[in-house]
Amino acid sequence: MTDYVIADETEIQPRDGTIKLHGAAGFAGMRKAGRLAAEILDALVPLAVPGAVTADLDAVVREMTLAAGAIPATLGYRGYTHSCCISINHVVCHGIPSERVLRDGDIVNIDVTPLLDGWHGDSSRMFLVGDVPLKARRLVDVTYECLMIGIAAARPGARLGDIGAAIQAHAERQRYGVVREFCGHGVGRLFHDSPEVVHAAIAGTGPELKPGMIFTIEPMINLGKPGVKILEDGWTAVTRDRSLSAQFEHSIGITETGCEIFTESPQGLHCPPYQ
C-alpha cells in the first residue's frame, strides 16, 4: 500500500518511500526553478552547433545557473564534477561534458537541474547538430511525442503505470526500444524522491496519482533494442547495440484537473528543429 504525506515546504524531508503531496508553496517554488531550467536550455539552442565543445556548453550552464542565484544540483552530486549531463548519439544518459566537439549529424541530450531557493528544476531536451539524418530526426520526434503522451496520462485518479503504458505503446509501435534501467522520479526539495516513474509499465498499476504529487517524466527511447550498459567512468550509460538514443524530460505537478508542466520553454522551443 502506498503512503502519502503532506510535504513540509520549508524543510527537506528524507526519501523514505512515501509520496509527498505539495501545496501552493511547493508549486510556486517548482515554477521558479523549472522556468530557470527551461531558460538555460533555451539559451543553449544557438550554441549546440557543429564545432561546439561540450565542456564549453557545461560552462554556460554553470554560469547561467549561478547568475540566477541558483546552483547546479549535479555539481558535486555523488562525486560528479559538472553542471549538466550531455549525452551524444548512442549515449542514453549521464554523458560527461569534456573536450568532445559536436559534429554535424549528432543528436544531443542536455540535462540540467538548477537548485533555486531549495527547489530542483529538472529538465532535458534534445538538440540536432547540423544536418541530422532522417532516421535520427524521427527518433527525436517520437521521443518528444512519448514525453507528451506520458504527460497527457498524468491526471488525478489515474495510476502511475498509465504513464509508462502510454509511452511504451507509442514507442513500440515505431519498433523502438524503451529503456528500463532509468526512470523518472519524484522531485522538489530533494533531487530524487519517490515515486519512481517507469516508462514501460502496465496500465492500471502502481500508485494512484493525487493532486500535489510532483515528479519527472523522462523517457529514454532507443532506435534499436532497449538494453544499456554503464561505461567504466561509472556514469555514462550507452546502448548495448550502439543504436541511437533520445530523451526529453519535464518536471510536472498533479493538479485537481490534470497536471502542470513546470519546465516548459518560455520561448516555445519544445522540440527541434528550434526555429
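Use the structure listed above.
Criteria and cut-off values
Residues numbered from 1 in each chain as written. Predicted model: local features only at pLDDT ≥ 70, side-chain atom pairs only at ≥ 80, totals over all residues. Heavy atoms only, no water. Helix = DSSP H or I, 4+ residues; strand = E, 2+ residues; numbered from the N terminus. Rg over C-alpha atoms; globule rule 2.2 N^0.38 Å. Buried < 20%, exposed > 50% of the residue type's maximum accessible area, 1.4 Å probe, protein only. Contact = heavy atoms within 4.5 Å. Areas by Shrake-Rupley, 256 points an atom, 1.4 Å probe, with all protein chains shown as cover. Lys, Arg positive; Asp, Glu negative; His and termini not counted. Charge placed at Lys NZ, Arg CZ, Asp CG, Glu CD. Salt bridge = Lys/Arg side-chain N within 4 Å of Asp/Glu carboxyl O. Phe/Tyr/Trp six-rings, centres within 6.5 Å; stacked < 30°, edge-to-face > 60°. Lys NZ or Arg CZ within 6 Å of the ring centre and 35° of its normal. Disulfide = S-S within 2.5 Å. Polar contact = N/O pair within 3.5 Å; in protein donor to acceptor, adjacent residues only side chain to side chain.

Peer 1: Explain the overall build of the chain residue by residue, including any values.
Peer 2: Per the secondary structure count, the chain includes 4 helices and 19 strands. By the compact-globule yardstick of 19 Å for 275 residues, the chain fits well, its C-alpha radius of gyration being 17 Å. The principal-axis extents of the C-alpha atoms in the chain amount to approximately 50 × 45 × 40 Å. Here the chain holds 275 residues, and 56% of them are scored as buried. Pairs at least 24 apart in sequence give 70% of the contacts found in the chain among residues at least 6 apart. Working note: accessible area of the chain is about 11,600 Å², and carbon and sulfur atoms make up 53% of it. Taking the average location of the 24 positive side-chain charges in the chain and that of its 33 negative ones, the two points are 6 Å from each other.

Peer 1: Can you lay out the pattern of salt bridges for me, pointing to particular residues and giving the numbers?
Peer 2: Taken as a whole and assessed by the stated rule, the structure comprises 9 salt bridges. One salt bridge in this structure joins D42 and R125, with 2.7 Å as the shortest N-O distance. Pair noted here: D42 is in helix 1 (residues 24-44) and R125 is in strand 9 (residues 123-128), with a separation of 83 residues, a long-range link. Assigned by exposure class, D42 and R125 land together as buried.

Peer 1: Requested: an account of the packing of aromatic side chains, with residues and values cited.
Peer 2: Per the stated rule, a full pass over the model turns up 5 aromatic pairs. When the centroid spacing of 5.0 Å and the interplanar angle of 70° are considered together, the rings of Y80 and W235 count as edge-to-face. Taken as a pair, Y80 in the loop between strand 3 (71-72) and strand 4 (85-88) and W235 in the loop between strand 15 (228-230) and strand 16 (237-239) lie far apart in primary sequence, 155 residues in all. A residue is classified by how much of its surface remains accessible, and W235, at 23% relative accessible area, is partly exposed. On the numbers, 5.3 Å between centres and 70° between planes, the contact of Y144 with F248 is edge-to-face. With Y144 in helix 3 (residues 134-152) and F248 in the loop between strand 17 (245-247) and strand 18 (250-254), this residue pair connects regions lying 104 residues apart in the sequence. Looking at Y144, the relative accessible area reads 19%, which means it is buried. The cationic tip of K210 hangs over the ring face of Y4; the distance from NZ or CZ to the ring centre is 4.1 Å.

Peer 1: Describe in detail the state of the cysteines, supporting the description with residues and values.
Peer 2: One pass over the full model with this rule turns up 0 disulfides. Here C259 is not disulfide-linked; the sulfur of C146 is the nearest cysteine sulfur, at 16 Å. On the basis of relative accessibility, which here comes to 26%, the residue C259 falls in the partly exposed class.

Peer 1: Would you mind going over unusual backbone geometry in detail, with residue names and values included?
Peer 2: For the bond running from S194 to P195, omega is 5°, close enough to zero to count as cis. Checked against the element boundaries, P195 lands in strand 12 (residues 193-197). The linkage connecting P272 with the following residue, P273, adopts the cis geometry, with an omega of 5°. In this fold, P273 is placed in the segment after strand 19 (259-261). The phi torsion at R242 lies on the positive side, around 65°, for a residue other than glycine. With respect to the helices, strands and loops of the structure, R242 is situated in the loop between strand 16 and strand 17.

Peer 1: Lay out the side chain of T113 in plain terms, naming residues and giving numbers.
Peer 2: Considering the arrangement of structural elements, one finds T113 in the loop between strand 6 (107-112) and strand 7 (114-116). For T113, a relative accessible area of 3% translates into the label buried. One polar contact links T113 to D122, side chain to side chain, over a distance of 2.9 Å. Excluding residues that lie within four positions of it along the chain, T113 makes contacts with I71, P72, A73, H120, G121, D122 and F191.

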